[in-house]
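For reference, the chains in residue letters:
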Amino acid sequence: MAHAPNYKITDFDRIWRDITPLVSKADLAFANVEAPVADSLPWSTYPQFNMHTEYVEAAIKAGFNVFSLTNNHTNDQYLDGIKASKKYFDSRKGIWACGLKEKSGGPLTYKIIEKNGFKVLFVAITEILNRNDYSSYIDFYPSTEKKRKQLIEELKSLQESSKADLFVLSVHTDEPEYVIAVTENHKKFFRRIIEECKADIIWANHPHVVKIFEETAASTHYTQNLGQKERKAFIMYANGNTISAQRTNPQFAAPDTPRDYTGEGLLLKLKATKMSDGSVILGDYEPHLITTYITPSWQFVIKLLNEDFIESLDRSELVTWAKYLSERKKLMEKVLAGE
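The structure presented is a predicted model; accordingly, all values stated were derived computationally and were not measured.

*Asks:* In this structure, what is going on with the pairing of strand β10 (residues 264–274)? I would like to understand it.
*Replies:* When a strand is regular, its side chains alternate between the sheet's two faces. Inspection of the sheet shows β10 paired to strand β11 (residues 280–294) by 10 bridges, in the antiparallel sense. Bridged to L267 within β11 is H288. Turn length for the β10-β11 hairpin, with the two strands adjacent in sequence and antiparallel, is 5 residues, and the turn residue G278 shows positive phi of about 90°.

Shown next as structure tokens:
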């Protein structure tokens, strides 16, 4: 995201510096761009966002190369913003992005990504828009049974025709913001997609707070027995924020204040292995908690939320931040444990 404090920083590369070594090692690194990207329009903060290309370029430089462009803020700048965003991402070689249509009422967009011997199908949809203007240019599927049935049929067709090794689906949900609990509605819906559409990874977003993630067994007709191993699917119910300014006033004396959870995010490293028979196994995963830290010069930057960073704050006599983030780390670990 790009609230005013984010885009007023003097060096956008500084935002990503601490996590660049982690992100840049990934073959594919996925991010949700929660704003139109239109250089011809002024920067704009909440409630109608707009960012400029140099803000995204800093994220690309850090290693992100696959983007969802569809969410509740996609049409904040109306058709001009939609068209400018699509034009920019279409022009970037080696970058994959989808969620925006070439013309009104066009088909569901998707990308086929070929990387290191893998063929990956990527689709990004949103269940929610803040306004309905120009929704026909967006991969917008409200959570009605009729639209969900339509989506599932389209995803099944794409999966079957693509013959992809991996199918990754981004869903910008219509769940309430700032709520950590996962709705039963979306649990059932995501499992339905895994079963009927053979999705391997579902990456959900929208709530601006971290929720649980889980491995789940695929359905019987989808499971392939590889020795004693079953093929698994993977669901991320929400990974929170990477960068935003939703936590501008950290509650140092009350770190479990609900709004303070918007200051953390989750980077999840997931490994896929292609077997000799051509099947793919989702294997090891590594969660990395991140936090938006406000420097003494009021720069909003991403930091890995680990003991090394907390101890560095303590050594620098930034004791209030050190104590606060130590408590925030404990709280986030409880979230990931489902407590």
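*Asks:* Where do I start with the pattern of salt bridges in this structure?
*Replies:* Opposite charge on two side chains lets them pair, provided their charged atoms get close. Per the stated rule, a full pass over the model turns up 20 salt bridges. The partner of E145 in a salt bridge is R192, with the nearest N and O atoms 3.1 Å apart. One end of the pair, E145, is in helix α6 (residues 145–162); the other, R192, is in helix α7 (residues 184–197), with 47 residues separating them in the sequence. Measuring nitrogen to oxygen at the nearest pair gives 3.7 Å for the salt bridge that ties E153 to K156. In this pair, E153 and K156 are both assigned in helix α6, 3 residues apart and thus about one turn of the helix distant.

*Asks:* Please clarify how the sheet that holds strand β1 (residues 30–32) should be interpreted in this entry.
*Replies:* Backbone hydrogen bonds hold the strands of a sheet together, and the pairing may be parallel or antiparallel. Reading across from one edge, β1-β2-β3 is the order of the 3 strands in this open sheet, with parallel pairing throughout. Edge positions in the sheet fall to β1 and β3 (96–98), since each has one partner strand and no second. Within this sheet the neighbouring strands show an average axis-to-axis angle of 20°, counted without direction. With 3 bridges joining them, β1 and strand β2 (residues 66–68) adopt parallel strand pairing. Paired with A31 across the strands is F67, a residue of β2.

*Asks:* Please clarify how helix α4 (residues 53–62) should be interpreted in this entry.
*Replies:* Given 3.6 residues per helical turn, the α-helix brings residues three or four places apart onto the same face. With respect to burial, α4 is a largely interior element, 7 of its 10 residues being buried. Along α4, the residues classified as buried are T53, Y55, V56, A58, A59, I60 and A62. Once α4 finishes, G63 follows within two positions and takes phi at roughly 125°, a positive value.

*Asks:* It is not clear to me how the pairing of strand β6 (residues 166–172) should be interpreted in this structure. Could you clarify?
*Replies:* Counted residue by residue, β6 has 7 buried out of 7 residues, so it is predominantly covered. Judged from the 7 bridges that link them, strand β5 (residues 118–126) and β6 form a sheet pairing that is parallel. Bridged to L121 within β6 is F167. As defined by bridge partners, β6 adjoins strand β7 (residues 201–205) across 5 bridges and the pair is classed as parallel. Across the sheet, the residue bridging to V168 is I201, located in β7. The handedness of the β6 to β7 crossover, carried by α7, is right-handed.

*Asks:* Is there a simple way to explain the environment of R131 in this structure?
*Replies:* Locating R131 in the fold gives a position in the loop between β5 and α6. A residue is classified by how much of its surface remains accessible, and R131, at 23% relative accessible area, is partly exposed. Sequence-wise, R131 and D80 are 51 residues apart; in three dimensions their C-alpha atoms are separated by 15 Å. Here the side chain of R131 touches D133 through a polar contact of 3.3 Å, side chain to side chain.

*Asks:* So what exactly am I meant to see when it comes to the packing of aromatic side chains here?
*Replies:* Think of a pair of aromatic rings as described by two things: how far the centres are apart, and how the planes are tilted against each other in angle. What the rule picks out here adds up to 22 aromatic pairs. Summarising the aromatic geometry, the rings of F12 and Y55 are spaced 5.2 Å apart at their centres and angled 85° between planes, so their arrangement reads as edge-to-face. One end of the pair, F12, is in helix α2 (residues 12–16); the other, Y55, is in helix α4, with 43 residues separating them in the sequence. Y55 carries the same exposure label as F12, and that label is buried. Taken together, the ring pairs in this structure connect F252, Y293, F309, W321 and Y324 into an aromatic cluster. The cationic tip of K274 hangs over the ring face of F118; the distance from NZ or CZ to the ring centre is 5.4 Å.

What counts and how
- Residues numbered from 1 in each chain as written.
- Predicted model: local features only at pLDDT ≥ 70, side-chain atom pairs only at ≥ 80, totals over all residues.
- Heavy atoms only, no water.
- Pairing = 2+ DSSP bridges.
- Helix = DSSP H or I, 4+ residues; strand = E, 2+ residues; numbered from the N terminus.
- Salt bridge = Lys/Arg side-chain N within 4 Å of Asp/Glu carboxyl O.
- Axes fitted to C-alpha atoms, helices over the stretch in contact; angles between N-to-C directions.
- Buried < 20%, exposed > 50% of the residue type's maximum accessible area, 1.4 Å probe, protein only.
- Right-handed = clockwise from strand over helix to strand, strands pointing away.
- Polar contact = N/O pair within 3.5 Å; in protein donor to acceptor, adjacent residues only side chain to side chain.
- Phe/Tyr/Trp six-rings, centres within 6.5 Å; stacked < 30°, edge-to-face > 60°.
- Lys NZ or Arg CZ within 6 Å of the ring centre and 35° of its normal.

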